[in-house]
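Structure at a glance
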Amino acid sequence: MKQARPFLISAAITALVMVVLSFFIDDDMQAKSALVTGLIVAITIAAIPIYDIDRWSLAKRSVVHFLAMLVTVFPLLLISEWFSVPVSILVFLLFGVAGWTIGYIVNRVQEKRK
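In this text, all values refer to a predicted model and were calculated from it rather than measured experimentally. (Residues numbered from 1 in each chain as written. Predicted model: local features only at pLDDT ≥ 70, side-chain atom pairs only at ≥ 80, totals over all residues. Heavy atoms only, no water.)

**Observations regarding the pattern of salt bridges**
Oppositely charged side chains can form a pair if their charged atoms are brought close together. This structure, assessed with the given rule, holds one salt bridge. For the salt bridge of K32 with E81, the shortest nitrogen-to-oxygen distance reads 2.5 Å. Taken as a pair, K32 in helix 2 (residues 28-47) and E81 in the loop between helix 3 (58-80) and helix 4 (85-113) lie far apart in primary sequence, 49 residues in all. The exposure class of E81 is exposed, given its relative accessible area of 56%. (Salt bridge = Lys/Arg side-chain N within 4 Å of Asp/Glu carboxyl O. Helix = DSSP H or I, 4+ residues; strand = E, 2+ residues; numbered from the N terminus. Buried < 20%, exposed > 50% of the residue type's maximum accessible area, 1.4 Å probe, protein only.)

Shown next as C-alpha cells:
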C-alpha cells in the first residue's frame, strides 16, 4: 500500500491555492467556479489512496470511493450551478465511470508489466 500522506499534502496545497486564487477574482461566478474546481480536484486527489488499500476487494474500494465522491464532489457540482440537477447527475456518473475504467485499465497494464 502506498503512503496516503503525499496525496493528502498535494490535495491540501491544491485546495489552498485555489481558495486563495478565488479571492482575487473579481467576477463572482468565476471566483466560485475556481473555488469549486479546486475543491473537487483536491478531494479527488485525497481519495486516490482508497484504491491502495490492498486488504479490501476492488468492489469494496470502488463502493467506498463512490460514496466518498457522492458526499463530497457531487454536492460541490450542484453548488457550482454549472449544470441542471439531472445533467449534474449524468456528468457525475459519466466522469466516475470513465475515471474508474481508465484507472482499472492502467492498473491492469501495470500489473502485467511486473
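**A word on the packing of aromatic side chains**
Taken as a whole, this structure holds three aromatic pairs when the rule is applied. Between F66 and F92, the aromatic rings sit 5.9 Å apart at their centres with planes inclined by 55°, giving tilted as the arrangement. On the criterion of sequence distance, the pair formed by F66 in helix 3 and F92 in helix 4 is long-range, its members being 26 residues apart. With relative accessibility at 39%, the residue F66 sits in the partly exposed group. Residue classification places F92 among the buried residues on the basis of a relative accessible area of 11%. For the ring pair W100 and Y104, a centre distance of 5.2 Å and an interplane angle of 10° mean the geometry is stacked. (Phe/Tyr/Trp six-rings, centres within 6.5 Å; stacked < 30°, edge-to-face > 60°.)

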